[in-house]
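# Close look at the chain arrangement
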Amino acid sequence: MGHLLRGTMLHLLTGTYCVIDTILGDTDRTVELDLGCGKGTFALGLAALYPERLILGSDVMLGRLRRLERKAQRLGVGNLQLLRANNLDLVAYQLPPASVHRVHLLCPDPWPKARHRIKRLVTTDFLCRVARVLRPGGILHMATDHLPYFDAWARILQRLEAFRPDPGGISDIRDLHTDFELLWRENGRSVPHVAFRFEPRSAG
Ligand SMILES: C[S@@+](CC[C@H](N)C(=O)[O-])C[C@H]1O[C@@H](n2cnc3c(N)ncnc32)[C@H](O)[C@@H]1O
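So, here is what we can say about the structure in this document.

Reading the values: the criteria
Residues numbered from 1 in each chain as written. Predicted model: local features only at pLDDT ≥ 70, side-chain atom pairs only at ≥ 80, totals over all residues. Heavy atoms only, no water. Helix = DSSP H or I, 4+ residues; strand = E, 2+ residues; numbered from the N terminus. Rg over C-alpha atoms; globule rule 2.2 N^0.38 Å. Buried < 20%, exposed > 50% of the residue type's maximum accessible area, 1.4 Å probe, protein only. Areas by Shrake-Rupley, 256 points an atom, 1.4 Å probe, with all protein chains shown as cover. Polar contact = N/O pair within 3.5 Å; in protein donor to acceptor, adjacent residues only side chain to side chain. Contact = heavy atoms within 4.5 Å. 1 Å grid on protein atoms, 1.4 Å probe; cavity = no way out; pocket = protein on both sides within 12 Å on 5 of 7 lines; lining within 4 Å. Points joined across faces, edges and corners; volume = space filled by probe spheres on them. Nonpolar A, V, L, I, M, F, W, Y, C, P; charged D, E, K, R; others polar. Pairing = 2+ DSSP bridges. Near = heavy atom within 4 Å. Sits in = over half its atoms within 2 Å of the grid points. Axes fitted to C-alpha atoms, helices over the stretch in contact; angles between N-to-C directions. Parallel < 35°, antiparallel > 145°, perpendicular 65-115°, else oblique. Left-handed = near helix turned anticlockwise from the far one by under 90°.

Let's shift gears to the overall build of the protein. Counting secondary structure elements, the protein contains seven helices and eight strands. Taken over the C-alpha trace, the protein has a radius of gyration of 16 Å; the compact-globule value for 204 residues is 17 Å, and the two agree within 12%. Projected onto the principal axes, the alpha-carbon positions of the protein cover approximately 45 × 40 × 35 Å. Across the 204 residues in the protein, those meeting the buried criterion constitute 47%. Surface summary for the protein: the accessible area is close to 10300 Å², and the carbon and sulfur share equals 54%.

The topology assignment puts threonine 8 in the segment before β1 (9-12). From its side chain, threonine 8 meets the backbone oxygen of leucine 80 in a polar contact 3.2 Å long. Sequence-distant contacts of threonine 8, that is, excluding residues within four places in its chain, are made with Glu69, Ala72, Gln73, Val77, Gly78, Leu80, Gln81 and Leu82.

So, on to the layout of surface pockets. Put simply, the largest pocket is a space of about 780 Å³. Lining the largest pocket are 35 residues, and of these Gly36, Asp59, Cys107, Pro108 and Asp109 sit closest to its centre. Among the elements that take part in the lining of the largest pocket, helix α7 (residues 179-186) stands out by supplying four residues, more than any other. Looking at the lining of the largest pocket residue by residue, the class counts come to 18 nonpolar, eight polar and nine charged.

Extensive coverage of strand β3 (residues 54-59) is indicated by the burial of six of its six residues. The two faces of β3 match: Leu54, Leu56 and Ser58 on one face and Ile55, Gly57 and Asp59 on the other face are all buried. Pairing geometry for strand β2 (residues 31-35) and β3, over five bridges, is parallel. Counted as the bridge partner of aspartate 34 is glycine 57 from β3.

Turning to the site of the ligand, a few remarks are in order. Near the ligand, the surroundings consist of 16 residues, among which Gly36, Asp59, Arg64, Leu106 and Thr178 are the closest. At 2.8 Å, a backbone N or O of glycine 36 approaches a nitrogen atom of the ligand. Residue aspartate 179 places a main-chain N or O atom 3.3 Å away from an oxygen atom belonging to the ligand. Contact with the protein chains covers 87% of the free accessible surface of the ligand, which is 590 Å². If you map the ligand onto the pockets, it falls in the largest pocket. By residue class, the composition of the shell around the ligand is seven nonpolar, five polar and four charged.

A few words now on unusual backbone geometry. Phi is positive for alanine 98, which is not a glycine, with a value near 50 degrees. Phi at tryptophan 111 is positive, roughly 45 degrees, even though this residue is not glycine. Considering the arrangement of structural elements, one finds tryptophan 111 in the loop between β5 (100-106) and α5 (124-133).

Right, let's talk about the packing of helix α4 (residues 87-94) against α5 for a bit. Closest axis-to-axis distance for the α4/α5 pair is 8 Å, and the angle between their directions is 50 degrees. Taken together, the axes of α4 and α5 lie oblique to each other. The element α4 and its partner α5 pack so that their crossing is left-handed. Listed contacts from α5 to Leu88, Leu90, Val91, Ala92, Tyr93 and Gln94 of α4 are Phe126, Arg129, Val130, Arg132 and Val133. Across the contact of α4 with α5, the residue classes break down as eight nonpolar, one polar and two charged.

A separate point is the sheet that holds strand β8 (residues 193-198). Judged by pairing direction, the sheet is mixed, and its eight strands sit side by side in the order β1-β4-β3-β2-β5-β6-β8-β7 without closing on themselves. At either margin of the open sheet sits one strand with a lone partner, and together these are β1 and β7 (163-165). Sheet twist, expressed as the average angle between the axes of neighbouring strands with direction ignored, equals 25 degrees. Across five bridges, the pairing between strand β6 (residues 134-143) and β8 is antiparallel. Counted as the bridge partner of alanine 143 is histidine 193 from β8. Docked against the sheet, α5 engages β2, β5, β6, β7 and β8, running at close to 135 degrees with respect to β6.

In short, geometric facts, not functional conclusions.
Structural data, given as structure tokens:
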């Protein structure tokens, strides 16, 4: 059972619910998901800050996840589970509905060139799939150094009434930063964060 999992482990998802059910278990722990966690400084920091929570870090880059797994094991972090999965698959069908309390999407690839924009992750469709996995009252937390992408998010989210701006939803983690964020800040770039509360009953 999921609640018996001890220590950080890397899971290669096959697309079945039961893999995720094993990881999530049947406890009523708070679950947070760091989508595209990369090298994982944020996910690791979050897991250390809230040892009673289950923190899921997902990415497609197996090498990064393996290094993160070893680091978490070295540090004795027991509540971080790593998922080798595609972001879209994860929220579209691999995670059970209403299973996550807070989703973090931090510094996703911005695909700045016009011809690459089609590859961007954040679309209305993607956010509706994120809504599928968020529990009512859950938080969507996003950040990017790429201001045009940030503006595009604001335009999309304005039209999704179930997501209400809620800066308080991330007030507890203001001191946690991602690897990319630290890099951008060192280079003098700002990395704005936004948070939205998912209130499905207010959907129009
Ligand atoms: C720019 S990095 C940001 C990493 C981390 N969130 C940070 O801020 O340091 C984007 C990450 O998303 C991952 N990624 C890109 N496309 C993905 C996808 N379709 N599914 C899962 N992860 C993806 C990349 O492998 C990379 O680790």
